[in-house]
Amino acid sequence: MIQPYDDNYFMKRALQEAEMAYEKKEVPIGAVIVINNQIIARAHNLTETLNDVTAHAEMQAITAASNFLGGKYLNNCILYVTIEPCQMCAGALFWSQISKIIYGARDEQRGCISMGTQLHPKTVMTGGILAEEASQLLKKFFIEKRNLN
């Protein structure tokens, strides 16, 4: 049985989404949104599939969770995402008023922490959950991509 808000369990679900993105030749980032210990949204990057630079895993998950809840605010929700959100996603998460963001690996170059992007004052963010697994999948993807070009 799942313990309430078992971070490893939910991050593994996000990693499964990242694997789906990888199989589609998308940058392998996955996300799930949880409320009351229940996954209400699952998503992965679809920027290539949809030919849309905004189709990041987090953006897809925000839309799915909002549709599930019937409103635009994600109060009492937790986002699990394999990589630290970028500025764009952090901005959308700000407006969603999500309660908590838990990410796997840091994005030292484009992540919202490195860029100094502010989150909603009520949002808590922590990282490092299954960071090595998330980082390795991204590294594998970009090594393969470089070798194809």
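The protein carries the name tRNA-specific adenosine deaminase in an unreviewed UniProt entry, which gives Aequorivita ciconiae as its organism. Listed under Subunit (unreviewed entry) in UniProt, the entry text for the protein is "Homodimer." Quoted straight from UniProt, the Sequence similarities (unreviewed entry) entry for the protein says "Belongs to the cytidine and deoxycytidylate deaminase family. ADAT2 subfamily."

J.: What is the right way to read the environment of threonine 123 from this model?
T.: Of note, threonine 123 is situated in the loop between helix 5 (112–115) and strand 5 (124–127). Sequence-wise, threonine 123 and methionine 11 are 112 residues apart; in three dimensions their C-alpha atoms are separated by 18 Å. Other than its neighbours up to four places away in sequence, threonine 123 contacts Gln97, Ile98, Ser99, Lys100 and Ile101. A distance of 2.5 Å separates the side chain of threonine 123 from the backbone oxygen of isoleucine 98, its partner in a polar contact.

J.: Got a minute to help me understand the side chain of serine 96 in this structure?
T.: Residue placement: serine 96 occurs in helix 4 (residues 87–96). Using a relative accessible area of 2% as the deciding quantity, one classes serine 96 as buried. Within the local environment of serine 96, its side chain forms a polar contact with the backbone nitrogen of isoleucine 98, the two atoms lying 3.3 Å apart. Beyond its immediate sequence surroundings of up to four residues, serine 96 is in contact with Lys72, Tyr73, Leu74 and Asn75.

Each value, and the rule that gives it
- Residues numbered from 1 in each chain as written.
- Predicted model: local features only at pLDDT ≥ 70, side-chain atom pairs only at ≥ 80, totals over all residues.
- Heavy atoms only, no water.
- UniProt positions renumbered as here; feature names shortened; annotations may be inferred.
- Helix = DSSP H or I, 4+ residues; strand = E, 2+ residues; numbered from the N terminus.
- Contact = heavy atoms within 4.5 Å.
- Polar contact = N/O pair within 3.5 Å; in protein donor to acceptor, adjacent residues only side chain to side chain.
- Buried < 20%, exposed > 50% of the residue type's maximum accessible area, 1.4 Å probe, protein only.

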